[in-house]
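Residue-level structure breakdown
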Amino acid sequence: MDLQEQVHKAGGFTNLELLARQVVEGYISGIHKSPFHGFSAEFAEHKIYNNGESTKHIDWKLFAKTDKLYTKRYEEETNLRCHLIVDNSASMHYPKLAKQEVSSLNKIGFSALASACIMQIMKRQRDAVGLSVYSDEFEFYAPEKGSERHHHMLLNTLNDLVRKGSQGKATDTHKYLHQIAEKLKKRSLVFLFTDMFQADAEETDLFEALRHLKYNKHEVVLFHVMDEKRELSFDFDNVPRRFTDVETGAQVDLYSENVKENYKLAVEDYINTLKLECARYKINYVQADTNKKLDKILTTYLVERQKIG
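Conventions we followed
Residues numbered from 1 in each chain as written. Predicted model: local features only at pLDDT ≥ 70, side-chain atom pairs only at ≥ 80, totals over all residues. Heavy atoms only, no water. Salt bridge = Lys/Arg side-chain N within 4 Å of Asp/Glu carboxyl O. Helix = DSSP H or I, 4+ residues; strand = E, 2+ residues; numbered from the N terminus. Buried < 20%, exposed > 50% of the residue type's maximum accessible area, 1.4 Å probe, protein only. Pairing = 2+ DSSP bridges. Axes fitted to C-alpha atoms, helices over the stretch in contact; angles between N-to-C directions. Contact = heavy atoms within 4.5 Å. Patch = residues over 30% accessible without salt bridge, like charges linked within 9 Å, V, L, I, M, F, W, Y side chains within 5 Å. Areas by Shrake-Rupley, 256 points an atom, 1.4 Å probe, with all protein chains shown as cover. Lys, Arg positive; Asp, Glu negative; His and termini not counted. Charge placed at Lys NZ, Arg CZ, Asp CG, Glu CD. Core = buried A, V, L, I, M, F, W, Y, C linked by side-chain atoms within 4.5 Å. Phe/Tyr/Trp six-rings, centres within 6.5 Å; stacked < 30°, edge-to-face > 60°. Lys NZ or Arg CZ within 6 Å of the ring centre and 35° of its normal.

Once that is clear, we can look at the pattern of salt bridges. As enumerated under the stated definition, the model contains 13 salt bridges in all. Residue Arg-21 pairs with Glu-17 through a salt bridge whose shortest N-O separation is 3.7 Å. Highlighted residues: Arg-21 and Glu-17, both in helix α2 (residues 16-26), separated by 4 residues, approximately one helical turn. Residue class for Arg-21 comes out partly exposed when judged on its relative accessible area of 28%.

Here is the structure:
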């Protein structure tokens with residue numbers, strides 16, 4: 001059996017680590033400084049202010065409440081902890097592709113390769129990375145570690161997501177984001193890759209789960225992964241088609257032109273609401289269109305992050 005050929009047929013990556021390294025070195029290495037840095041100082045506790053000390057760290061809000069002077073004490077935290085979260089529901093495997101390449105990715109392929117690229121950057125910095133995968137169940141969890149063995153285990157897990165396909169799994173994003181948030185005890189940089197599709201949940205449930213990820217002062221980045229041509233613009237030939245929900249199996253027959261305008265307005269309204277909620281909770285929102293080049297999307301985000309970092 002030609003294993004390489006079988007991997008291609010199954011839709012996985014030939015060498016995910018090599019591909020991620022090429023993307024990082026080919027495009028992202030042009031950024032002059034690292035886009036990711038350790039959280040420089042973490043608040044530890046208050047202590048009573050002593051005369052003669054610097055007034056720089058006096059907590060004036062606490063003074064207004066207690067009429068006593070306290071200073072904030074900080075602990076240095078130089079290493080960065082990163083946790084990747086990947087939605088592995090059936091909708092993330094749209095559209096079906098015979099082979100995943102950097103120039104041709106579906107949503108799960110984009111998420112896996114982007115995650116591998118972020119892991120490559122973290123590896124260079126010797127920072128710890130963890131991974132969570134969910135669909136209609138909590139499929140995988142690995143805490144943040146920095147070893148070479150751990151790195152390869154995460155890469156294999158990501159490639160398996162792409163290779164094994166969707167298997168008709170539904171999405172319980174809000175449920176499992178709450179569980180993941182409870183597991184992240186130490187302050188981390190959290191990347192979430194999802195299309196934010198969930199038919200059975202209210203928008204408020206999803207937004208509340210996103211807010212929970214901000215617990216413990218995590219920095220959260222939402223990569224909203226979509227095939228904008230089909231899923232936003234509803235760009236299909238105007239012939240009678242049968243559209244099937246890949247998660248529920250529900251079907252509807254229609255002409256795309258008959259619903260295109262209303263559909264697009266509804267999706268745009270949802271995306272705008274999502275962006276507002278992310279801004280409200282200080283979550284970095286990145287719209288990731290799988291029809292665009294992954295390296296350009298990543299580079300644009302990293303350059304923007306440098307500007308505000």
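Text resumes after the structure shown.
Further remarks concern the sheet that holds strand β6 (residues 189-194). The strand order β5-β4-β3-β6-β7-β10 describes an open sheet built from 6 strands, whose pairing is mixed. In this open sheet, the two edge strands, each paired with only one partner strand, are β5 (138-145) and β10 (284-289). Strand-to-strand, the axes of this sheet are offset by a mean angle of 15°, without reference to chain direction. Contacting β3 (81-87), β4 (128-134), β6, β7 (219-226) and β10, helix α4 (residues 107-125) crosses the sheet at an angle of about 170° to β3.

On the surface, Glu-202, Glu-203, Asp-205 and Asp-269 cluster together into a patch of negative charge. Residue placement: Asp-205 occurs in helix α7 (residues 203-213). For Asp-205, a relative accessible area of 33% corresponds to the partly exposed category.

Let us now look at the nonpolar core. Phe-36, Phe-110, Phe-191, Phe-193 and Phe-223 are the most contacted members of the largest nonpolar core, which has 46 residues in total. The greatest single-element share of this core, amounting to 11 residues, is contributed by α4. Contacts of Phe-193, omitting those with residues within four sequence positions, involve Leu-84, Ile-85, Val-86, Asp-87, Met-92, Phe-110, Ser-111, Ala-114, Ser-115, Ile-118, Phe-223 and Val-225. Membership of the second largest hydrophobic core comes to 27 residues, among which are Ile-180, Met-196, Leu-210 and Val-220.

Here we come to the pairing of β5. Where β4 and β5 come together, 5 bridges link them in antiparallel fashion. From the neighbouring strand, Tyr-134 faces β5, where its bridge partner is Phe-138.

Per the stated rule, a full pass over the model turns up 8 aromatic pairs. Between the aromatic rings of Phe-223 and Tyr-301, the centroid separation amounts to 5.7 Å while the plane-to-plane angle is 75°, which identifies the pairing as edge-to-face. Placement of the pair is Phe-223 in strand β7 and Tyr-301 in helix α10 (residues 294-308), with a sequence separation of 78 residues. In this structure, Phe-223 and Tyr-301 share a single accessibility class: buried. Its guanidinium or amino end placed over the ring of Tyr-141, Lys-183 lies 4.6 Å from that ring's centre, counting from NZ or CZ.

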